[in-house]
Every structure is written in structure tokens, then in C-alpha cells.
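# Residue-level structure breakdown
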Amino acid sequence: MHLNKIRFIIIILVFFNISCVSLTKDNYYLDIIKEAKSGSVDFAFMKMRNYLKDNPDSKYVPEIKFSIIEYYFQINNYNEAISELSAYLNSYPQEQNSVFAYALLYKIILKYKKDSKASPGLLRRLEDLFFSKPLFLVFAESKSKQYRSALNNTYKIVNYLDKIEIFRNGELFFEISL
Amino acid sequence: MKSHYNRKIIFLITFLAVLFLLQTAISHLINNSKDKILNYANSTFGYSFELEDLSFSLLRGLHIKGAALTRNNYDKKIIFIKDAFISLKILPLFFKTLDIKVHINELSLFIKREEEGINTQIIFSEINKKMPKHKPSLDISIEKTRIITGDNPNLSIILKDSKIRQESQSLKMLTLLEFDYRLAPDSYLAHLFSDNYIRQTIKCLVQAHINGDNLHLDYILLNIEGNEIIGAGLNKDFTGKNPYLYINFMHSMVLLNKLTVMKRNFKAQGNVYFSLGLKGRMDAPSINISSELSHCSFVIAKNRLFNIEELQGKIEYQNNLINLNNASLRINNVHLNIHRLIAGLSVEPELKLELSFPQEFFDYNSLPLNKLRVVFEGRLKQFLSGDLGVSALYIRDGRDLDMQAHFNGINLSFQDAEKNLTVGSIELIKNDDKIQKISLRDLKSQVYLEKNRIDLKNISVAAYDNSLSGELKISLTDPAALNLRLKGQGLDLKSVMQDTNISDKLLSGRLDVEIVFDNLQKEFLQGNCYIKNGSMDLNMLGSIIALPALKNTKFQNMHADFSISKQLVSLKDLEMHSPDIMLGLSWNTNHKVDGELKLSMASRLLKQYAAFKKLLNIAKFKKDYVDFSFLLAGTSRGNTRILWQKGEFKAKLKENLPNWVQKRIEKELDKIVDSL
């Protein structure tokens, strides 16, 4: 029993130590998330810009950059969003949330399409991209993947055999079918 | 009064008698001197002159009959005058001017190209040197001049009613030229012209003046049946053996329907703006014709096979080659662009043709093409021989696929009613993400050419260790139709797959195939294939669904129907049978892919693999065969998405496997799939 207590204390200490290290190291990053969670996205955006300036080599750079795109998307500044998206997708094509970056791009093009400015070929190429990965459904009818961004948005992609659904903050963002 | 009248009559009779006696005396004198004259001419000019008869007429002057000139060493006459009168004009004599009038009924010139130049020009040059420098004025009229060319017996040129006036240093000639060229029956041009003759009359007027050794052609007017062409030029060193000619005709418009040669042979209509230039030594001047065709129409070939309309473009003739560039036209109502056509006029001329079909043609005929370009390079001999290349951009799935066909070593006997066609090698290539091709050899067929229709019957062609046979029908009526039927038996599957690049999984076997292409059908390509005693690599299934590695699965037979439409590439009812595996597949591809794969595998075979043995035991599956059914989906360029459909084995697995195991299996498979 005594031994178990000691073990528990050691585990707690180790965990606390690790948490402290990470808190001190990425305090600023956590601050951004806190700002976003409180609904102050503009402040979060400003902090993200500063963070990128001060920590160009941080492992959080892709996530922060993704959230900068999100910010431009949220304030309907699509030109800036596309410009950032282009840079993001070129730099991090294999990033786990790149599929959601493509989702944002697709959504922006859809909005442009309503204004007849976007070419249908571009949308089709993007749709091809969503369906480019192989999928093997053995027991389930679909497979899904989730992501929460620094701006506190949740994204979810659900892959069916012949369609893909993308959700943002629990709402259907868009759906594409074969 | 009466005696006065009688005196007049007596005087007249006496005068006429004197004249007659004088004429007889002079004729006698001249005739007696004929030999002397001939000897003088022979010795002076170095040529052999012959004269049949020489007489004198007070009214018409010196009468020459049957005058001929031959080279001393040759027997053949070069110049022959059938009948001529030479007289002196009296009036100019009072002004101390010698003005000679010559009238020739018929003159024949036998023209031949010799080493130094043209024989008649050489004779003119040599005689001219021995003539006095001061020449009398000449007034020559020739009723008919026949120009017979030794080099080309099929060519006849006749000048009619020629009038030539030479006065001091000026020269004027007016004549009617009749050009007549008989096409050799075996020449390819004979097939294009409805007559066997090219006949045309041209009125010519030439005004020139002599300046030293040069004859300046100040004004040349050619009137071709109402079409007037004006030119000017220079005959440099015109008294030399081989003068240099430089003649240019101004840019002129010719109405084709006014030209007999075009009207008779081609029912030609339209306008041609053309300029003509002639440059070089007289014996071999180069002729340049540059012309713009505007709204021209022609009916070509003896049987009026080709109806050409709305021909517009630039046509040039140079160095015995016709060159048509950037032309657009309709042949039998089919729109075409000719980028380049080079056709020689020699006996075995070269032929280069590069043409394409405009977009309107594809739109009108609902053809899913963006480009169709044909290039032929060859020669016309007894056969039309050469190489043909066809390239097309075929629209599929919103993008262009590069399709090419190369027909090398073509020989077509175009002269016979039953035209035999042989082709050394054929290669059909589709260049997409991967290169797919079909290679054929030694094609033999009979071509039947009718207006708006080309049929290739009895096609036989060597292919993949065996042969294909069939027929091709092309109709150019509205809409254009192409129908090809090919049947092959016992083709070597391995080499077919290597070339067509359809699948590297079909390893061996003998393939029977039947293909029907009909551009008017919705499914424009349909076919079926039957493979006997083959082998297949089914390891692809192993890598995805962990089935055993079946790298060389033998099967007795496999059958599939396939079709291609504008929207869909479809593989229907593919069935494969082997003792351990039965496979059924249907597969459609357009932008998206959908299909169904049914597999029935022997449990005995599956149990050879530990993982499957375990799964079969867990599922308590006791049957001899396990049935799998998969739904397939995806995009044509993406990876396949697979859903394992409900079935007995799957149901039993789901029933007996805990959820976490199922999720683990899914996860492991995801890893495999991600690594693909």
C-alpha cells in the first residue's frame, strides 16, 4: 500500500513536471487557445501573428498557420485566405489537417462559384483530391477523422464508399459525392 | 471612141502577157538557181537547207514550198515550212528602206533540248551571227505554227494567226496559242482530270524592243478566255545560244469558270488571284506561280468522286511541285483544313499532305474529339505508297487524351477498280498517364472507293502471334460514319497486355476478341473477349484483403464484354473460373468508377494461411467455398474505394468477433491501405 502511494506520487510528479515544461515552453500558444475559446478571435489572431514571428521553428507553426486561414475565412477575407492556403498547402501537403485546409479552399471556391467566378474544373480537381485516397470498409459503413483547431473549431471528415461529408463545429460544412 | 477602147484592151493584154512572161522568166531563173541558193545557204550558215520548190509570183512574191532545215549531222528536220511567200513592200523602197513581208501557211518547229540549249535557239543564234548587222523591217504572218517537243511527245503547242512585226529595234507579236497536253493514262493526274487532255487557248500580245544583246519585253498581255494577265520581262542575250529569261506577270484575277481546262475537267468555279514568274536559262527556266484561291469549287476525278467546295488558301508552284498552304475547304461536304499539301508533277511524284478537321466537324457529327490531324508522306508510283500518321485529342472525363495511329509502308493500287491495300506496320497509341498501344503488321485489304464512301473489305492483319480479320466502312454523308468490325482468335494474351497496358495481372493465355466500332452508336466501341487456359496474378487482392498470395492463378476460361461510350468505359460480366477461385466483375468508369467484384474462394485454399484459418475458425465457417462481395467506387484517377458487402462469412465474423477486434482489423487494414 505504501509502495503504491510512492508510485502514485512519482507518477503525479513526473506528469506535473512534464506539464510545467510544456506550459512554460508554449505558454503563449495556450494563451492563443484560451483567447479563441473565450471568443476573442481577433486577439487570438494577433497573438498568432506574433507567435509565428517569434517562433518560426515551433512545431505548432502548421496549426497556427491553419488557424490564420480559418480567421480570414471567418471574416470573409477570401483573398487573404486563398493566399495563405496556397502557401500552407505548398509547405505542408502531408499535414494531418491538410484535408481540412482543402475543405476550406473548396468552400471558398463554392462561394465564388455562386458569383460565377470560379471554374468548375477547379472544383472537380479538388473533389478528385478528396477521393484520391484509397478506402477499405470492412465492418463499418464509413470511416471518420476529427480535428480541433487553435481557433477552437472542430472539423470532421466522414468517408463513405461513394461520398464524403465534412462537418465544421458539428454542422455539415459540405458534402461531395462521386 | 471604139479604137481608143480597143487600144486599152490591147495594152492591157500586152501588159499582162509581159507580166506573165516576166513572172515565168523570174520563176524559171529562180528555180534554176535553187541549187545555187541552197548551196550558198548551206555553206554560209553551216546547216542543211532543203527546198522542194521555188517560184515567183508577181502578186505575192517569192513562193517557197517545202523548205526544211536540218543539222548537218542529223536527218531529222528541225524547221519545216510547208508554204511561204516572201515579198518586198514597194512604198518603203522609195524611202530607201527594205521592208520584207513574209507569209507562212504552216511552220513546224521540232524543239529539242540539247547540251548548249534549245536547238531552234541555237540555230537562230548561229544564223544571226552570219547575217548582216543591219536588218530589214520584217512583217511576218504565220497561219499556223506547230511546236513539237522531242522531250515530251505528249505536249503539243500550236500558234495560230501569228503576226510579227519587226521594225528597226522594236518588235511586236500577236498570236493565239493553243496548248494541248495529253496525260499519260497511267499517270495519277489522268485519274484526277475528267478528260485525258489539258487544253487551253491563250491570246498573246508581246511588245518588245532590242537594246544591244537584250530583248526587253515591255508589255506582255495574255488573254485567257477573257481573263487578262499583264506582264513584262527581259530576254537577256537574246541572240545567244541559251538566253536568260526574266518575266513577271502582275498579280491578276482569273475566273476559273472562264478557263476551258478548268471548266471541262473540274467544273471549276471561283476566283484565283495569281502572279506568275519565269526565270532562268531558256532551256530550263524555273516557273513560279503564287496564287490565292477564293471560294473555289472543283469536281475531281473521272467518276466525279470528290466534290471540293469553298476552297480558300494559298497555292504555289515551284520546281515542279505544287504547294498548297493553310487552306480550308469542304470535300464532299466534310470541312477540312489543309495545312500543307505538296504534290509533284513528275512521273513518280512525291506527295506530302497534312490536314486536320475543324471543330465544327466534331460538333456537327457529335464526335468527342478536340483534334484530328492526318499526315501523309509518300510517293505516287504505280501505287500510292508512303506513311500515314493520324493524331487525335479524344475528350474523356473532361480532359484530352492523346491518340495516335501510325501506318507505315502503305501501298495502295489506286488505278485498279479493285484497289489493293497493304500496310507494313500499324501502331495505335493512346498516351495518357500510361502509354497504351496496339501493334499490327502486314495488313491486306481491298479498298472500294465511291462518292462519300470508303470501304475496306477483307481486312486481314497479323497481330500478337496470330491474326485479325474484319472490315471498315467510312461514310462521309451527314453525319460522318465510321464502322469497324474486327475479329481475332488465339492472340497471345501476354503480349496483348504488355502493349495495351490494361493490366499486368493477366499473365498468359490465348485471347479471342471481337470489336465493333461505330461512331454513331451511343456505345461507340463494343466488344467481347474470351481467354482460354490463362493465368492471372491475384496477389493484388492479397495486399488489400489479406487473401493468400495467388501470384499465378491458373484458370480455364475468362470472359468479358466491354463497351465505351462518350460517358462510360464499361466492363460487363467479367467471369473467371478456376478450380479454387471464381471471380465475377463489373466495372464502369467515366469520371467516377463503380463496380462490383464477386469472389468465391475455396476454404481449403484460404486455410493454408494462418490468419484466414483463424478467422474461419472464429466465424465457425464450414462451407467448402467462401463468398466475398465487394462494392467498388472511386474516381478514374484516384484510388479505389472498397466496401465489403454483407454476406454469410462477414455476418458470422461480426457475430463472433468482439468490437475491439473488428476495430483493430479496420485499423490494420487502414495502415495497409495508407501504405499503398
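The coordinates are above.
Residues numbered from 1 in each chain as written. Chains lettered and ligands numbered in written order. Predicted model: local features only at pLDDT ≥ 70, side-chain atom pairs only at ≥ 80, totals over all residues. Heavy atoms only, no water.

With that out of the way, let us pick up the overall build of chain A. If you tally the helices and strands in chain A, you get seven helices and five strands. For chain A, the succession of helices and strands along the chain, N to C, is α-α-α-α-α-α-α-β-β-β-β-β. The buried share of chain A, taken over its 178 residues, is 42%. When the accessible area of chain A is evaluated, it comes to approximately 10,400 Å², of which 54% is carbon and sulfur surface. (Helix = DSSP H or I, 4+ residues; strand = E, 2+ residues; numbered from the N terminus. Buried < 20%, exposed > 50% of the residue type's maximum accessible area, 1.4 Å probe, protein only. Areas by Shrake-Rupley, 256 points an atom, 1.4 Å probe, with all protein chains shown as cover.)

The next subject is the interface of chain B and chain A. The partner chain A presents 20 residues to the 30 residues of chain B that form the contact. Around 2,400 Å² of area is buried between chain B and chain A when both sides are counted, 59% of it from carbon and sulfur atoms. At the surface where chain B touches chain A, the tally comes to one salt bridge. Linking chain B with chain A are 12 residue pairs in polar contact (both at pLDDT 80 or more). The set of elements that each furnish at least two residues to the side of chain B that touches chain A consists of helix 8 (539-545), strand 32 (625-635), strand 33 (641-644), helix 11 (648-656) and helix 12 (659-675) of chain B. The biggest single contributor to the side of chain B that touches chain A is helix 12 of chain B, with seven residues. A breakdown of the residues in the side of chain B that touches chain A according to their chemical character gives 13 nonpolar, eight polar and nine charged. Sheet topology places strand 1 (residues 135-137) of chain A next to strand 33 of chain B; three bridges connect them, and they run parallel. Residue pairing in the sheet places F136(A) in a bridge with I642(B) of strand 33 of chain B. (Contact = heavy atoms within 4.5 Å. Buried area = accessible area lost by both parts, 1.4 Å probe. Salt bridge = Lys/Arg side-chain N within 4 Å of Asp/Glu carboxyl O. Polar contact = N/O pair within 3.5 Å; in protein donor to acceptor, adjacent residues only side chain to side chain. Nonpolar A, V, L, I, M, F, W, Y, C, P; charged D, E, K, R; others polar. Pairing = 2+ DSSP bridges.)

Turning next to a nonpolar patch on the surface. All names here are of chain B. On the surface, a nonpolar cluster with roughly 780 Å² of combined accessible area is contributed by L88, I90, L91, L93, F94, F95 and L98. Top element by residues in the nonpolar patch is helix 2 (residues 90-94). It accounts for four residues. Mapped onto the fold, I90 is located in helix 2. (Patch = residues over 30% accessible without salt bridge, like charges linked within 9 Å, V, L, I, M, F, W, Y side chains within 5 Å.)

Quick look at the pattern of salt bridges now. Residues and elements named next belong to chain B. As enumerated under the stated definition, the model contains 28 salt bridges over all chains in all. Between E596 and K598 there is a salt bridge whose closest N-O contact spans 3.8 Å. For E648, the salt bridge is made with K623, and the minimal N-O distance between the two is 2.8 Å. With E648 in helix 11 and K623 in the loop between helix 10 (610-618) and strand 32, this residue pair connects regions lying 25 residues apart in the sequence. Connected via shared salt-bridge partners are D99, D139, R165 and E167.

The subject of this paragraph is unusual backbone geometry. All names here are of chain B. The backbone of D161 sits at a positive phi, close to 50°, despite the residue not being glycine. The backbone phi angle of K267 is positive, close to 45°, even though this residue is not glycine. Mapped onto the elements, K267 comes out in the loop between helix 5 (260-266) and strand 12 (269-281).

Residues and elements named next belong to chain B. Burial within helix 7 (residues 493-500) is extensive, with six of its eight residues counted as buried. Listed in full, the buried residues belonging to helix 7 are L493, S495, V496, M497, D499 and T500. On its buried face, helix 7 is in contact with strand 22 (435-450), strand 25 (481-492), strand 26 (506-518) and strand 27 (525-536). Positive backbone phi, approximately 55°, marks N501, located one or two places after helix 7.

Remark: the centre distance and the inter-plane angle together describe each pair of aromatic rings, the angle taken between the planes. Taken as a whole and assessed by the stated rule, the structure comprises 32 aromatic pairs over all chains. A centroid spacing of 5.4 Å and a plane angle of 80° characterise the contact between F621(B) and F649(B), whose relative ring orientation is edge-to-face. Here the residue F621(B) occupies a position in the loop between helix 10 and strand 32, and F649(B) occupies one in helix 11, the gap between them amounting to 28 residues. The buried category is assigned to F621(B), whose relative accessible area is 5%. Classification of F649(B) as buried rests on a relative accessible area of 2%. By way of ring pairs, the aromatic residues F136(A), F139(A), F612(B), F621(B), F628(B), F630(B), W644(B) and F649(B) are connected into one cluster. The ring of Y160(A) carries K163(A) above its face, with NZ or CZ at 5.0 Å from the centroid. (Phe/Tyr/Trp six-rings, centres within 6.5 Å; stacked < 30°, edge-to-face > 60°. Lys NZ or Arg CZ within 6 Å of the ring centre and 35° of its normal.)

Quick look at helix 3 (residues 119-129) of chain B now. Of all 11 residues in helix 3 of chain B, eight are buried, a share of seventy percent or more. Looking at helix 3 of chain B, one finds that the buried residues are N119(B), T120(B), Q121(B), I122(B), I123(B), S125(B), I127(B) and N128(B).

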